[in-house]
Amino acid sequence: MVEPQEVTRGQRVLELHHITKLYSGTVALDNVELAVERGEVHGIIGKNGAGKSTLVGIISGIIPPSRGEIIINGKPVHSLTPAVAKKHSISIITQEPQVIEESTVTENLFMPKYLGSRDFINWRFLDQKAKEILDRVGFPVETYLKIRDLSISEKQLLLVIKACYVEEADIIIMDEVSASLNQKDQRILYRIIDERIKAGKTVIFISHHTKELLEVCDRVSVIRDGHSVGCYDTAALDMKSLASLIVGETHYDELVLEDKSREIGEETIFELRDFTAYGRFEDINLKLRKGEIVGIAGLRGSGRTELFKAIAGIDTHEKGELYLHGVEKSYNSPEKASADGVMYLAEERENEGLVNIASIKKNLTINILSKVSRREVIYDRLENPKADELIKTMNIKAFSREQEINQLSGGNKQKVLVGKILAKAPRVCLLDEATRGVDIEAKESILNTINEEMRKTSCILISSPGVDDLIKICDRIMVLYKGRIIDEFARPEFNEEKIYRVMQGELLKSGEVK
Amino acid sequence: MRRRTKIQLFLLDNLVWILLLLFFIYNTFATDSFFTMRNQVNILFQSSLMGMLVLAQGIVMMVGELDLSIDATLAFAPGITILVTSSMVEPSPFLAILMTLMIGGLIGLVNGIFIAKLRANSFLFTLSTQIIMRGLVLFLIPFSISGLLPAYAFLGRGRVGGIFPVAAVAFVVIFLIFEFLFSKTIFGRKFLLTGGNRKASYISGINTSRVIIMAFVIAGLLAAVAGLIAAGRQNAVSNSMGTNMVMMAFAGAILGGGSFEGGMGKPIGMLGGALLLGMIDNALTLKGVNVNLVSAAKGGLIFIAIMLDHFRVKLNAYILYKENLKNLIETAEDSAGSVAS
């Protein structure tokens, strides 16, 4: 383990002290410390759900912290809002490019403050200016193009250029910017960062990729489970030591749920052969036996959600076959998939998972309406006991089955989401981030239900925000990287650090994936 | 849940009936000849036409869409029927009724398919069908065609036992049927779920396109029924039937618990909404208020309906928040008590 160091390079431009953020039922950040110095590239890294996005939100003024102190250029700032952040010359470039699709490159670069404008806008001047800037960074894009004709990589880079050269921000926050850049644009990005640092600006660089972080950053702050682990000089780190800092020391024996009770049938229930949707995932082969839990580990954008959705008939696939009990199937709508007992648990709880204005009861029975009715008529005497039973099994905290989903906490909402899949007892469960955004108690409860109840009737494919959840309940873990399964681990040989590194594409045999 | 909370929630859910009751009591004392059997039956009869449109709009709003074309369907369906049947030598009235309903359903089907499958915006699309149908009716029917077949006019003119209007009976019966459908059957449950969250319902295996198409078909059918009532009542089909009624249909549906967000509302509430609209019309007319002023008063009612929509959600959340708080305090006191003892 590497010791945190006290580095005194330049003057501190941004300091966070004792930053705590509470959400209903969860502590997202707990006394987090951060100190960024002028003229450095400061990395922030952590696992999914470690609190990175909350921290970035606080720095950029979008999320107000519950407690703590923010100091910019030595002066404490009491309430940091996006407007105040702008005044202190802080710019943020988000994961999803925030652009105006119907406007031109020039318009987007100088929005909302057009240079040299008083009564009317001098377009010729602006266009000239835009060309100069783009030439300077060597980004070959025509200024008259509409943004919608640009690739996502070009959009993202354009926003970087805007923050660096139009707004000329002192502190530039790049939130997983490189994830959507192609290789050529990534090189331009690194060049821009270099140039900005030489100009005395500061860059805060957030990334999932340890390798990139070590190459780009001067120092990295690691956060784990909402706590600061420390701030390290990248010169003293390698990928392995950084990975172990991110993952932390885990006590596997405590975590693993009852290992003995695992009973996996011999019969293969579900099989994918060369399942492919070009650009999303390719050549996926996997088999699930009865009662088996298989984890899909992969970073955001590795194609896990796309894969699950294609299996359940929500999205399309282009090649390959899907077998259920040895019979070839093809689903073009979730209606058909769920009729066959293939159910998808939505990663996006609010948008795709629950009917928020309906009651808990109505959400829980959405998949089993035929079981709580006789000749199309729903009877309370059938539906109410079923709902109560599910509320009890899932340990949902609510004072009535008639309560609206709106009024539940995140953890309880997630339990309802799992509960409605459990109710159906499908043959194949596709659980996409079944433990997303929930507190420890709810997480344990959900994992227990999956392990003890759901596996009795179904075989399960599960993804999770963190590898640790998969390690707790899976029989096998497959690692998805850029849409391909590149490695597989079976139960006894789970190693969180190793899986984490494989997810990064770090332990690839050469030539396996471009 | 404690009893008090239950009662509060029940009253909030049926707010429109409370308003209706208050208005009823007020008029019983304040308006001459309001509280007579004859006038009450009259209110039911007068509300039946608007009631069909309120229910049609309410059901479309339940799935999160809206339908501007229903008041044009009201004139279009009987209008086309009358043009076709008047050219026949011996027209069958039952065929004519069936044809009216089928035209209504067909218009709903077209609306539904374009909106659900091709993702057309329901406001714009139904606006276009409304203008098309109204234009055609104005073109095809010179002011009005009178002299309907007796059986065709039965729904609008007929009286049960010579006293009670058939339209009023049909009005109440249709609402009760839909109340049953939407509170007790899988069919109705799917409407509420689809309106509440279309994407989540789709992922859960509900054929949401079919549900939305069904909502528009039902709306078209109900508009055609309204057309039968309207034509029967004046024993003629006129080209201006139903003009500007669609906005009032929105008011009735929102008063009855509907919302543009979708997934809300019950037919029984919308019955209350339709009756309230009818009763205001009736009471103000009895008081001799100017017609234009009545219209202004109903405009005010739409305003109230919108505020109500907003206010109801807030109040509901507040009542449940109180309940939650009380439960938490009780559990805390219980555990404190057990520690003390």
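Keep in mind that this is a model prediction, so the values were computed, not measured.

A separate point is the interface of chain B and chain A. How big an interface is tends to be stated in terms of accessible area lost as the parts join. With 30 residues of chain B at the contact, the number on the chain A side is 32 residues. When the two sides are added together, the surface that chain B and chain A hide from each other amounts to roughly 2,600 Å², 61% of it contributed by carbon and sulfur. Of all residues in chain B, Ile186(B), Arg189(B) and Ile203(B) bury the most surface against chain A, accounting for 27% of the area lost on that side. Our count for the chain B to chain A interface comes out at nine residue pairs in polar contact (both at pLDDT 80 or more). Where the side of chain B that touches chain A is concerned, the elements lending two or more residues are helix H8 (166-184), helix H9 (186-196), helix H10 (198-203) and helix H14 (291-340) of chain B. Its residues assigned to classes, the side of chain B that touches chain A comprises 13 nonpolar, 12 polar and five charged.

So, about the confidence of the model for chain A. Detailed reading of the predicted model is not advised wherever pLDDT is low. All names here are of chain A. Taken over all residues, the pLDDT of chain A has a mean of 84, while the share at 70 or more is 90%. Model confidence for chain A, summarised as mean pLDDT per element, is weakest for helix H9 (residues 252-255) at 44 and strongest for helix H13 (residues 360-364) at 94. Within the model, pLDDT remains below 50 along residues 510-514, and this stretch shows six contacts once partners closer than five positions in the same chain are excluded.

Turning to the sheet that holds strand E12 (residues 281-289) of chain A, a few remarks are in order. Residue and element names in this part refer to chain A. One open sheet holds the four strands; their spatial order is E12-E11-E14-E15, and the pairing between them is antiparallel. The sheet is open, and its two borders are formed by E12 and strand E15 (327-329), each paired with just one other strand. Adjacent strand axes in the sheet meet at a mean angle of 20° when their direction is disregarded. In the sheet, strand E11 (residues 268-277) pairs with strand E14 (residues 319-324) via five bridges, with the strands oriented antiparallel.

Our next topic: the side chain of Lys361(A). Summarising the element assignment, Lys361(A) is placed in helix H13. Sequence-distant contacts of Lys361(A), that is, excluding residues within four places in its chain, are made with Asp380(A), Glu383(A), Asn384(A), Ala387(A), Arg401(A) and Glu402(A).

Paired through their backbone hydrogen bonds, the strands of a sheet run either parallel or antiparallel. All names here are of chain A. If you walk across this open sheet you meet the six strands as E16-E19-E20-E13-E21-E22, and the pairing is mixed. Of all the strands in the sheet, just strand E16 (342-345) and strand E22 (484-490) have a single pairing partner and so form its edges. Going across the sheet, the axis of each strand differs from the next one's by a mean of 20°, ignoring polarity.

This part covers the nonpolar core. Among the nonpolar cores identified, the biggest contains 97 residues, and Met52(B), Leu53(B), Ile59(B), Phe191(B) and Leu222(B) are the most heavily contacted of them. Element by element, the count of residues in this core is highest for helix H11 (residues 208-234) of chain B, at 17 residues. Leave out the neighbours within four places in its chain, and Ile59(B) touches Phe178(B), Phe182(B), Phe191(B), Ala215(B), Ile218(B) and Leu222(B). Ranked by size, the runner-up nonpolar core spans 94 residues in total, among them Leu158(A), Val220(A), Leu242(A) and Tyr500(A).

So, how was this worked out
- Residues numbered from 1 in each chain as written.
- Chains lettered and ligands numbered in written order.
- Predicted model: local features only at pLDDT ≥ 70, side-chain atom pairs only at ≥ 80, totals over all residues.
- Heavy atoms only, no water.
- Contact = heavy atoms within 4.5 Å.
- Buried area = accessible area lost by both parts, 1.4 Å probe.
- Polar contact = N/O pair within 3.5 Å; in protein donor to acceptor, adjacent residues only side chain to side chain.
- Helix = DSSP H or I, 4+ residues; strand = E, 2+ residues; numbered from the N terminus.
- Nonpolar A, V, L, I, M, F, W, Y, C, P; charged D, E, K, R; others polar.
- pLDDT = per-residue confidence, 0-100.
- Pairing = 2+ DSSP bridges.
- Axes fitted to C-alpha atoms, helices over the stretch in contact; angles between N-to-C directions.
- Core = buried A, V, L, I, M, F, W, Y, C linked by side-chain atoms within 4.5 Å.
- Buried < 20%, exposed > 50% of the residue type's maximum accessible area, 1.4 Å probe, protein only.

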